[in-house]
Amino acid sequence: SRQTPIFPSAISKIDNPPRVRFGYTDIADLQRSAKVQAKFDEDSGATQGRWTAKDRLCKKIAAFYGVGVMKYFAYNDVEGNYRSHLEVIDPLDFECEPMGGQFLSDHKFMGQRNIFKTEAELKAGAMGEDPVYEKKQILKLIATVNSNQYKDFKKLYIEKTDRLKSLGFNPELNSYMGQKVYNLTEWYMEYDGVWYYMLMEPHSGVWVRFQPLKEVFQSGKTPFVAWHTNPDAFNFWSKAPADDMRPVAESMNIIFNQMLDAREKMTYAQRAYDPEIFTDPAQLEWRPGGLVEASTDGGARSIGSGIYEFKVSGMTEAGTINLMTFMDNLTGTKTGITASAQGDGGNDKTNGIYFGNLQQVADRLGLYNKAYSEAWGDLGFLYYWGLREHIKSNRLMVKMIGDAGYNWVELVAADTN
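First things first, this report covers the structure right here in the doc. Starting from 1, residues in each chain are numbered consecutively following that chain's sequence as written. Where totals are concerned, whole chains, interfaces and linings use all residues; where local detail is concerned, this predicted model gives features only for residues with pLDDT of at least 70, and gives and counts side-chain atom pairs only at 80 or more. Hydrogens and water are ignored here; the side-chain numbers use all heavy atoms of the structure.

### Overview of the overall build of the protein
- Only DSSP runs of H or I reaching four residues or more are called helices, and only runs of E reaching two or more are called strands; each is numbered from the N terminus. Check the secondary structure of the protein and you find 10 helices and 13 strands.
- When the 417 residues of the protein are sorted by exposure, 35% land in the buried category.
- Any two residues whose heavy atoms approach within 4.5 Å at even a single point are treated as in contact. In the protein, of all internal contacts separated by at least 6 residues, the share reaching a separation of at least 24 is 63%.
- Computed by Shrake-Rupley with a 1.4 Å probe, the accessible areas treat only the displayed protein chains as cover when residues are assessed. With an accessible surface of roughly 25,400 Å², the protein has 54% of that area assigned to carbon and sulfur atoms. Relative accessible area decides the class of each residue, using a 1.4 Å probe on protein chains only: under 20% of the type maximum gives buried, over 50% gives exposed, and in between gives partly exposed.

### Focus on the sheet that holds strand S2 (residues 82-89)
- With respect to topology, 3 strands assemble into an open sheet ordered S2-S1-S9, the strand pairing being antiparallel. On the outer flanks of this sheet lie S2 and strand S9 (224-228), each paired with one strand and no other. The sheet shows a mean angle of 20 degrees between the axes of neighbouring strands, direction not considered.
- Taken together, the 8 bridges between strand S1 (residues 67-76) and S2 define a ladder with antiparallel strand orientation. Bridge pairing in S2 places Tyr-75 opposite Arg-83. At least two bridges found by DSSP between two strands is the condition for calling them paired. Between the N-to-C directions of two axes lies an angle of 0 to 180 degrees, each axis being a line fitted to C-alpha atoms and, for a helix, fitted only over the stretch in contact.

### Some thoughts on the pattern of salt bridges
- Salt bridge, as used here, is a side-chain nitrogen of Lys or Arg placed within 4 Å of a carboxyl oxygen of Asp or Glu. Under the counting rule described, the total for this entry stands at 16 salt bridges.
- Among the ionic pairs, Lys-123 bridges to Glu-119, the shortest N-O distance being 3.0 Å. Here the residue Lys-123 and the residue Glu-119 both occupy positions in helix H4 (residues 119-125), the gap between them amounting to 4 residues, near one helical turn.
- Measuring nitrogen to oxygen at the nearest pair gives 3.5 Å for the salt bridge that ties Arg-301 to Asp-297.
- Each of the salt bridges in this network shares a partner with another, and the network as a whole consists of Asp-29, Arg-32, Lys-35 and Asp-415.

### What about the side chain of Ser-238?
- Assignment of secondary structure puts Ser-238 in the loop between S9 and helix H8 (241-267).
- Distance and chemistry together define a polar contact, namely a pair of N or O atoms within 3.5 Å, with one atom able to donate a hydrogen and the other to accept it when in protein, and with adjacent residues in sequence counting only for side-chain atoms on both sides. Within the local environment of Ser-238, its side chain forms a polar contact with the backbone oxygen of Asn-230, the two atoms lying 2.8 Å apart.
- In this structure Ser-238 touches Tyr-65, Gly-66, His-228, Asn-230 and Asp-232, once residues within four positions along its chain are discounted.

### Some details on the packing of helix H3 (residues 51-65) against H8
- Viewed as axis vectors pointing N to C, H3 and H8 meet at an angle of 50 degrees, and their least axial separation amounts to 5 Å. Between H3 and H8, the interaxial angle falls into the category oblique. Mapping the contact onto sequence places Ala-62, Ala-63 and Phe-64 in H3 and Pro-241, Ala-242 and Arg-246 in H8.
- In terms of residue class, the contact of H3 with H8 is built from 5 nonpolar, no polar and 1 charged. Should an angle lie under 35 degrees it is considered roughly parallel, over 145 roughly antiparallel, and from 65 to 115 roughly perpendicular; all remaining angles are considered oblique. Each residue gets one label: Ala, Val, Leu, Ile, Met, Phe, Trp, Tyr, Cys and Pro are nonpolar, Asp, Glu, Lys and Arg are charged, and the others, such as Gly, are polar.

The structure is reproduced here in structure tokens:
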């Protein structure tokens, strides 16, 4: 029982809801940072941005692809109100400089495919006092690019649709939108020392928005944040935890299937028969209470000599189980996720050993946690800039705790300086 306090610290390194804390350098900014913190907690909460749920989805993707990519930006809606947006990016939709390394800030270009916009959305974005899209380019896109009422991924993105098909979905029949929709690509690139933003239809090259990045995001930063399970200084698309497990899983699948094949061969073994003894081979098929006609020349020939069974020397079930158990245990030893760490105490007789094993698992996952925590620092940075840029058009109320309990206070642009 003395070792029990280890348990919370171990679990916190493995799966803990993400948190971003905004600090201050001057005591005069204490109240301001508290307001920003309160707004962040509201925007990222379960009833607003659902950041914790999206974080879990990003972790699952990272387990299979080795990288988790998220995108954050803030904006003002048609009524001028501040809005906050976080989304998880499919690695199949994300493009960057492959040899740019793990830090996206070092890449010279990056972008996101498969951004679907309806014709109505594009037209609305080109209207008003402060239009987002170029009106002439929108009209050019509508006039020159054929559109249909389905989300069309093209052959270039066939891997994305194949992943859906493996789950039993039919993307071609289940992507009906009921209105014209365009598949666009969002692109960020550095040219002559200046970063630019472009939204375009990739096959025709027709763009609908093209500006210096500073005019799109006041921070001058792209909205993407990425973290890696196995960071590589020179390769962005580094390996994933699933890559270490795939060879083992495939081997165990082969071993198990071979055992089933051998068992089936032994159960339904091939046989040879003497047609002079068994004149009607169809009678040899098994049936309840079946009778088989045999000719033994009045007992001169043995009925047993008329059938020969081909023996199959297959692997035993016990041997197969032992081999699969060995591979499972070896993998657990190398990864640290052993049976005892998963809750099967085995020969561990004390709580101290169990929690000690759990601590070792947490330490092994600590490497994942470092890159992950740094990425959430980047998200906090993007959130702050989004708040600072888009709070100017309207004042916000945030709920804070004080001497008299919770009360509402006003958050204004000056609070983000």
